[in-house]
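Coordinate inspection notes
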Amino acid sequence: MSLNTALSLFTELPYPQIDPIAISIGPLAIRWYGLAYVTGILLGWWLARRMINTPRLWPNNYTPITEKHLDDFLVWAALGIVLGGRIGYILFYDLDPVLANPMVALEIWRGGMSFHGGLTGATLAMIIFARRNGLPVWMLFDVVACVAPIGLFFGRIANFINGELWGRVSDVAWAMQFPTGGPFTRHPSQLYEAALEGIVLFILVQVLGRTTSALKKSGTISGVFICGYSLARIFVEFFREPDVQLGYLAGGWLTMGMVLSMPMFALGLWAIWRAQTATPA
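As the structure is a prediction and not an experimental result, all values here were calculated from the model. (Residues numbered from 1 in each chain as written. Predicted model: local features only at pLDDT ≥ 70, side-chain atom pairs only at ≥ 80, totals over all residues. Heavy atoms only, no water.)

1. A closer look at the overall build of the chain
Put simply, the test is: The helix count covers DSSP runs of H or I at least four residues long, the strand count covers runs of E at least two residues long, and both are numbered beginning at the N terminus. Note that the radius of gyration is over C-alpha atoms, with the globule rule given as 2.2 Å times the number of residues to the power 0.38. The contact criterion used is simple: two residues touch if any of their non-hydrogen atoms lie within 4.5 Å. Calculation of accessible area relied on Shrake-Rupley with a 1.4 Å probe; when residues are assessed, cover is drawn exclusively from the protein chains displayed. The charged-residue count follows a simple rule in which Lys and Arg add positive charge and Asp and Glu add negative charge, with His and chain termini not counted at all. The atoms used to mark charge sites are NZ of Lys, CZ of Arg, CG of Asp and CD of Glu.
Each helix and strand counted, the chain has nine helices and two strands in total. When the helices and strands of the chain are listed from N to C terminus, the series reads α-β-β-α-α-α-α-α-α-α-α. The C-alpha radius of gyration of the chain comes to 20 Å, within 12% of the 19 Å expected for a compact globule of 281 residues. Counting only C-alpha atoms, the chain reaches 65 × 45 × 35 Å along its principal axes. If you take every contact in the chain between residues at least 6 apart in sequence, the share linking residues at least 24 apart comes to 70%. For the chain, the computed accessible surface area is about 14200 Å², with 70% contributed by carbon and sulfur atoms. The centroid of the 18 positive side-chain charges in the chain is displaced by 12 Å from the centroid of its 16 negative side-chain charges.

This is the structure:
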């Protein structure tokens, strides 16, 4: 019996055929992928404004970060995420097509964004913005870390709608047959990531930030966010199909996502250690 025939014997959930284009007005097409980024950034901005207006969360019941700062940083964040995410994807995952045709780099609507690249771009944006405005950079890191899982959640939902980044072949009851995934049922790994990187990580950083003194030790929440994302990503990589142009890097299980997340986890541990041992300002 072939693998295809065997998998067809199991119950599968139907993949919801959602048009990647949310709104179309003449030649103008607004895609769910773009809406996901906009929604994640705007919701994060709204929640961050509420958090800086809660003095009890911050050292000495005060943060120098104002609503005006967050309003100005919105553009910086968007540029850092989009440029960093796209450049990171090209460098880490798919460089050859861009070398052959540089215009491919601009086709963001087709997907192809790297979280690790987006994090790097956003981090550089935060450092430069904090320096220019005389703000404590670790405190800005923490504000963003408290709301970043919102964007991760919507981004993974957009991946699901696009029918991309699907999982490995599976016979679990909730496996789906994706339009671009061949005749096999697969793990809906995008939903696993939305749940872990988005919902679970959001609850974790919010509970720590609001019910403990974590935000009073600047850098703690940032470290928790980085460690939490790294662990969630490494776990889901065991269910996610690696990018076809890369495949497994070693052993039939090691992926680029794992390789990029391992040093990131170590960086998160360092951030937590630094925050706990730093002299209070």
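2. Let's talk about the packing of helix H2 (residues 32-52) against helix H3 (residues 67-92)
What counts, and what does not: A fitted line through C-alpha atoms represents every axis, and for helices the fit uses only the stretch in contact; the resulting angles, taken between N-to-C directions, go from 0 to 180 degrees. Oblique is the label for any angle not under 35 degrees, not over 145, and not in the 65 to 115 range, which are roughly parallel, roughly antiparallel and roughly perpendicular in turn. By convention, the crossing between two helices is left-handed when the near helix turns anticlockwise from the far helix through less than a right angle, and right-handed when the turn is clockwise.
With their axes 10 Å apart at the nearest point, H2 and H3 run at an angle of 150° to one another. Considering their axes alone, H2 and H3 lie roughly antiparallel with respect to each other. H3 is crossed by H2, and the crossing has right-handed handedness. Two secondary-structure elements touch here, H2 through Tyr-37, Ile-41, Leu-42, Trp-45, Ala-48, Arg-49 and Ile-52 and H3 through Glu-67, Leu-70, Asp-71, Leu-74, Ala-78 and Ile-81.

3. Some remarks on the pattern of salt bridges
Operational definition: In the sections that follow, a salt bridge refers to a side-chain nitrogen of Lys or Arg positioned within 4 Å of a carboxyl oxygen of Asp or Glu. Note on exposure labels: buried denotes an accessible area under 20% of the residue type's maximum, exposed denotes more than 50%, and partly exposed covers the range between, all computed with a 1.4 Å probe on protein chains only.
In this structure the tally under the stated criterion is ten salt bridges. Measuring nitrogen to oxygen at the nearest pair gives 2.7 Å for the salt bridge that ties Arg-49 to Asp-71. Of this pair, Arg-49 sits in helix H2 while Asp-71 sits in helix H3; the two residues are 22 residues apart in sequence, bridging distant segments of the chain. Assessed through its relative accessible area of 31%, Asp-71 is described here as partly exposed. Each member of the salt-bridge network shares a partner with another, and the members are Arg-156, Glu-193, Glu-197, Arg-233, Glu-237 and Arg-240.

4. Things to note about the UniProt feature "transmembrane region" (unreviewed entry) in the chain
The cut-off we apply is this: UniProt positions are given in the numbering used here, feature names are shortened, and annotations may be inferred rather than shown by experiment.
The feature "transmembrane region" (unreviewed entry), as given by UniProt, occupies residues 30-48, 73-93, 113-130, 137-158, 191-209, 221-239 and 251-273 in the numbering adopted here. The distance separating the terminal C-alpha atoms of residues 113-130 is 25 Å; by composition the span is 89% helix and 0% strand.

5. Regarding empty space enclosed by the protein
As a reminder of what qualifies: Residues are said to line a cavity or pocket when one of their atoms sits within 4 Å of a point; the points come from a 1 Å grid over protein atoms alone, cavities being sets where a 1.4 Å probe fits but cannot get out and pockets being open sets with protein on both sides within 12 Å along at least five of seven lines. Grid points are joined across faces, edges and corners, and a volume is the space filled by probe spheres set on the points. Under the scheme applied, nonpolar residues are Ala, Val, Leu, Ile, Met, Phe, Trp, Tyr, Cys and Pro; charged residues are Asp, Glu, Lys and Arg; polar residues are all the others, including Gly.
Using the criterion set out here, one finds one cavity of 30 Å³ or more in the structure. The computed volume of the largest cavity comes to approximately 70 Å³. Looking at the largest cavity, the residues that line it are Tyr-93, Arg-233, Glu-237, Arg-240, Glu-241, Pro-242, Asp-243, Leu-246, Gly-247, Thr-255, Met-256 and Gly-257. Among the secondary structure elements, those contributing two or more residues to the lining of the largest cavity are helix H8 (220-237) and helix H9 (256-277). Looking at the lining of the largest cavity residue by residue, the class counts come to four nonpolar, three polar and five charged.

6. Considering a nonpolar patch on the surface
Convention followed: A patch consists of residues exposed above 30% relative accessible area that lack any salt bridge, with like charges linked at up to 9 Å and nonpolar side chains (Val, Leu, Ile, Met, Phe, Trp, Tyr) linked at up to 5 Å.
A cluster of nonpolar side chains, namely Val-75, Leu-79, Leu-83, Ile-87, Leu-91, Leu-95 and Leu-99, defines an oily patch on the protein surface of about 690 Å² accessible area. The set of elements that each furnish at least two residues to the nonpolar patch consists of H3 and helix H4 (95-100). Considering every element that reaches the nonpolar patch, the biggest residue donor is H3, with five residues. Structurally, Leu-99 can be placed in helix H4.

7. Notes on unusual backbone geometry
Residues other than glycine seldom take positive phi values, yet Asn-61 does so here, at roughly 55°. Along the chain, Asn-61 turns up in the loop between H2 and H3. Although it is not a glycine, Leu-165 adopts a positive phi angle of roughly 55°. For Leu-165, the position within the fold is in the loop between helix H6 (137-162) and helix H7 (189-211).

8. Description of the UniProt feature "binding site: a 1,2-diacyl-sn-glycero-3-phospho-(1'-sn-glycerol)" (unreviewed entry) in the chain
Here the UniProt feature "binding site: a 1,2-diacyl-sn-glycero-3-phospho-(1'-sn-glycerol)" (unreviewed entry) sits at Arg-156. Inspection of the secondary structure puts Arg-156 in helix H6.

9. What about the packing of aromatic side chains?
So the rule is basically this: Note on aromatic pairs: the rings of Phe, Tyr and Trp (six-membered ring only in Trp) are paired at centre separations within 6.5 Å, and the planes decide the class, stacked below 30 degrees, edge-to-face beyond 60, tilted for the rest.
As enumerated under the stated definition, the model contains 14 aromatic pairs in all. Consider the rings of Tyr-15 and Phe-178, whose centres lie 5.1 Å apart with planes at 55°: the pair is tilted. One end of the pair, Tyr-15, is in the loop between helix H1 (3-8) and strand S1 (21-25); the other, Phe-178, is in the loop between H6 and H7, and 163 residues separate them in sequence. What makes Phe-178 buried here is its relative accessible area of 1%. An aromatic cluster is defined as three or more aromatic residues linked by ring pairs; in this entry it consists of Tyr-15, Phe-160 and Phe-178.

10. Quick notes on the packing of H6 against H7
The relative placement of two packed helices comes down to the angle between their axes together with the axis-to-axis distance. Between H6 and H7, whose axes approach to 8 Å, the crossing angle comes to 165°. Looking at the two axes, H6 sits roughly antiparallel to H7. Here the hand of the crossing between H6 and H7 comes out left-handed. Between H6, through Ala-145, Cys-146, Pro-149, Ile-150, Leu-152, Phe-153, Arg-156, Ile-157, Asn-159 and Phe-160, and H7, the contact on the second element is made entirely by Gln-190, Leu-191, Glu-193, Ala-194, Glu-197, Gly-198, Ile-199, Leu-201, Phe-202, Val-205 and Gln-206.

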